[in-house]
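# Structure at a glance
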Amino acid sequence: MSKDSKVTELVEKVQSYYPAADGELIRAAYEFSAKVHQGQKRLSGEPYLIHPMAVADIIAELKLDVPSVVSALLHDTVEDTLATLDQIKSSFGREVAALVDGVTKLSRANFSSQEEKQAENFRKMLLAMGKDVRVILIKLADRVHNMRTLDHMPRQKQILTAQETLDIYAPLSHRLGIAWIKTELEDLALKYLHPEIYYQLKRNVAKKKTDREKYIDEVISIITKKLETEGIEAEVTGRPKHFFSIYQKMESQNLLYDQIYDLVAFRILVDTPRECYETLGIVHQQWRPVPGRFKDYIALPKPNLYQSLHTSVIGPYGERIEIQIRSHEMHRVAEEGIAAHWRYKEGEDFQISDFRRFSWLRQLLEWQENLQDPQEFLQSLKEDLFSTSMYVFTPKGDLLNFSKGSTVIDFAYRIHTEVGQHCSGARVNGQLVSLRYILRSGDTVEIITTQQQAPTRDWLKWVKTPRAQSKIRNWLKAQQRERSVVLGRQILEGDLQRYQMDYAMLREEGKTEALIKELGVKDEEALFAAIGYGRLTTRHVLAKLISPEKLEAGPKKADGSLQSLFRMVSKQRRGLGIRVKGVDDVLVRFALCCHPLPGEAIVGFITRGRGVTVHTVGCSTVLESDPQRKTEVSWEDSGQAPRPVKIEVTCVDQPGLLAAISAAITSAEANIARAQIRTSSERAINTFEVMIKSSEHLKEVLLNISKVKGVYKAVRARGRTGGKIESDQPSREELH
């Protein structure tokens, strides 16, 4: 097909659902994109223009407006060519330029880490989405085509892209209610993250295709005849569940493929909500419903506006089948999600019908403003996108939705931050409950507060919502900072007294303002905190106030510097292979919560009296600590001693498999320090403590294990490894 015919086909596709569409603007965008991308090729060897054309085609499938289609054609021009936003604005208007800018990554900015870059890209995308949701729809279309063509990428890039897709883009498409994008992204992510599982599922599904199709036809025939008898006109379809949902069920319930019964899902589309409930009654009369498997999303829609009745029944031949019942309009919203709410009105600004109902987006935008730490932002974003909703009542009868697993503390923080900070308990359905109580759908909750109550680190183990987590972390960080400010002031005032100086007098004389400016700190509090953390030496401060001769002649005493605090380093600590920026001979230890390996991104965490603790970037322990306590660390080039890492292997419970797994580990030149085996439902879950040299070495070990026939998955198990369990959290004594 020629280039002209492709763009003509795109224009016709858009005009099929929007007859007034400006075809010439779409052609102009195509020509502009072709010109600036000329000579560029994808890794497949195809012209780069194929990609923006494919993205625009997906946007047209979603039936979006002309500016969206035009922006899809131009979405990579600013990022990957010499084209500028000003050019886009002058040629295609302010609206298109804003959409292209929202989709464009921050690739030209300088970031200290890949995680920070990724976090800021998502942050920018969220903010742009808050102004215009079309930004994320173009980004999703871009990701769909990139995942469809991921075969040409290097293996490591495939894994990173697939994981990001599973963590962010698939749940985001679910939140936006676009079912087909969610399903396709999940299946494609599974294909690259667990190819052996994906292709095994594909073979298993293909093997039973004939029998399944025969069964589907029989069930459809029964349902259709029953509904016709009752005077209900319906469209009935059946399909096998997609691969990722089968994989999830196998994982969550420790089942083999042959042990999963409801592999087929049926959908019944009728004209009205009343007919939905009538159809449900007819289905339950025909087949016995499975207790606890009925959900009414018509009366209580999901936050993404999804509406449907879900039930599971024991169908023909005793097979368990899942049935969804909804109206045609509900189905349109279920498949297209937020895209189903566009209004096309010539001469009017772009609008979204019922956008106010997407409360989860408002919540995302609200808490992201308070999360400056990139790792905390990414973690909170993932947790929020993955959450599934339930409904809880306030004492006044207002209905609030929460993530499953949320506690009364989450409820308290939803009401108000102050209510959360002082929450001491709650009454649920009139009964007193503890802070650990996990909310259930239908609960009525009343929070009890006391002024003496304050958050503790344990609360982070109990709460589920990003809002509550960020508020508690911020409170804990503030407490750490307050203690460090007090300590820093004590250290500085003590050292000043040794030189017959007084800080209050210096402030009266106006010398402290100049001192703060010279030292490059924000204010007086930041000065004390820096000394309290050990980031700034009191000797450095004194050097700004007195002459070098007087300073050298003065009494010698350990000051508040990081160097002096950790000068006494034992020889056995020097072999850890960690370099702390700007400091020599610092006491270093590895965190027991995340066990960093050479090659992994790491960050140092200053702990008074115990030196610098090294964590992996994104470790939850560091997320709970004041960013001022972080310090830059890196791996030394010298060879690293092997470190213990826990590996969890799920496999078939059969003789000889343990020996095969052990052989796979040793063939990667890794020693097994200890092993633990437990079995359940014809499966074995083996935990090995293996001595690993680096992150690359770990990947090699996991790859070897995954190749063993009968192994379902092999993953690194997070948590403490062997030996004595000690706290990685700083105690009050460490800070003082």
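Counted at 1.5 Å a residue, the expected span for helix α31 (residues 695-706) with its 12 residues is 16 Å, and the 16 Å between its end C-alpha atoms agrees. Those residues of α31 lying buried are Ser-695, His-697, Leu-698, Val-701, Leu-702, Asn-704 and Ile-705.

What follows concerns a nonpolar patch on the surface. On the surface, Leu-300, Phe-393 and Leu-399 cluster together into a nonpolar patch covering about 220 Å² of accessible area. Inspection of the secondary structure puts Leu-399 in strand β10 (residues 399-403).

Strand pairs in the sheet, formed through backbone hydrogen bonds, run parallel or antiparallel to each other. Spatially, the 4 strands line up as an open sheet ordered β21-β22-β20-β23, and their pairing is antiparallel. The two strands at the open ends of the sheet, each matched to only one other strand, are β21 (671-680) and β23 (711-716). Averaged over all adjacent pairs, the angle separating strand axes in this sheet is 20°, with direction ignored. Both β21 and strand β22 (residues 683-692) contribute to a ladder of 9 bridges, which runs antiparallel. In the strand pairing of β22, Ala-675 is matched with Phe-688. Its contacts with the sheet place helix α30 (residues 657-667) against β20 (643-652), β21, β22 and β23, and it is angled at close to 25° to β22.

What follows is about the sheet that holds strand β12 (residues 431-433). One open sheet accounts for 3 strands, arranged β12-β11-β13; its pairing is antiparallel. One side of each edge strand has no neighbouring strand; the edge strands of this open sheet are β12 and β13 (445-449). Pairwise comparison of adjacent strand axes, ignoring direction, gives a mean angle of 30° for this sheet. Here strand β11 (residues 423-428) runs beside β12; their pairing, made up of 3 bridges, is antiparallel. Across the sheet, residue Arg-427 finds its bridge partner in β12, namely Leu-432. Where helix α19 (residues 408-415) meets the sheet, it contacts β11, β12 and β13, and its direction lies at approximately 85° from that of β13.

Bringing a positive patch on the surface into the picture now. There is a patch of like positive charges on the surface, built from Arg-293, Lys-295, Arg-320 and Lys-404. Relative to the helices and strands, Lys-295 is located in strand β4 (residues 295-296). With a relative accessible area of 31%, Lys-295 lands in the partly exposed category.

It is worth spelling out the pattern of salt bridges at this point. When charged atoms on two side chains of opposite charge get close, those side chains can pair. Within the structure shown, the criterion is met by 21 salt bridges. Lys-13 is paired through a salt bridge with Asp-57; the nearest N and O atoms lie 3.0 Å apart. Of this pair, Lys-13 sits in helix α1 (residues 3-17) while Asp-57 sits in helix α3 (residues 50-61), and the two are 44 residues apart along the sequence. The class of Asp-57 is partly exposed, set by a relative accessible area of 26%. With a shortest N-O distance of 3.2 Å, Glu-696 and Lys-699 are connected by a salt bridge. Remark: Lys-699 and Glu-696 occur in helix α31; sequence separation between them is 3 residues, near one turn of the helix. Among the residues examined, Lys-699 registers a relative accessible area of 37% and is labelled partly exposed. Within the structure, one salt-bridge network assembled from shared partners comprises Asp-65, Glu-95 and Arg-134.

This brings us to the environment of Leu-201. Position of Leu-201 among the secondary structure elements: in helix α12 (residues 195-207). On a C-alpha basis, the gap between Leu-201 and His-242 in space is 9.7 Å, while along the polypeptide they are 41 residues apart.

Attention shifts here to the environment of Ala-660. Topologically, Ala-660 is positioned in helix α30. Taking the C-alpha atoms as reference points, Ala-660 and Gly-710, separated by 50 residues in sequence, lie 9.9 Å from one another.

Before going further, it helps to spend a moment on the packing of helix α2 (residues 23-36) against helix α4 (residues 66-74). Contact pair α2 / α4: the axes reach a minimum separation of 8 Å and the direction vectors enclose 10°. Comparing the axis directions of α2 and α4 gives the class roughly parallel. Contact with α2, carried on its side by Leu-25, Ile-26, Ala-29, Tyr-30, Phe-32 and Ser-33, involves Val-66, Val-69, Val-70, Leu-73 and Leu-74 of α4 and no other residues of that element. Here the contact of α2 with α4 is built from residues that sort into 10 nonpolar, 1 polar and no charged.

Cut-off values and rules
- Residues numbered from 1 in each chain as written.
- Predicted model: local features only at pLDDT ≥ 70, side-chain atom pairs only at ≥ 80, totals over all residues.
- Heavy atoms only, no water.
- Helix = DSSP H or I, 4+ residues; strand = E, 2+ residues; numbered from the N terminus.
- Expected span 1.5 Å × (residues − 1).
- Buried < 20%, exposed > 50% of the residue type's maximum accessible area, 1.4 Å probe, protein only.
- Patch = residues over 30% accessible without salt bridge, like charges linked within 9 Å, V, L, I, M, F, W, Y side chains within 5 Å.
- Areas by Shrake-Rupley, 256 points an atom, 1.4 Å probe, with all protein chains shown as cover.
- Salt bridge = Lys/Arg side-chain N within 4 Å of Asp/Glu carboxyl O.
- Pairing = 2+ DSSP bridges.
- Axes fitted to C-alpha atoms, helices over the stretch in contact; angles between N-to-C directions.
- Contact = heavy atoms within 4.5 Å.
- Lys, Arg positive; Asp, Glu negative; His and termini not counted.
- Charge placed at Lys NZ, Arg CZ, Asp CG, Glu CD.
- Parallel < 35°, antiparallel > 145°, perpendicular 65-115°, else oblique.
- Nonpolar A, V, L, I, M, F, W, Y, C, P; charged D, E, K, R; others polar.

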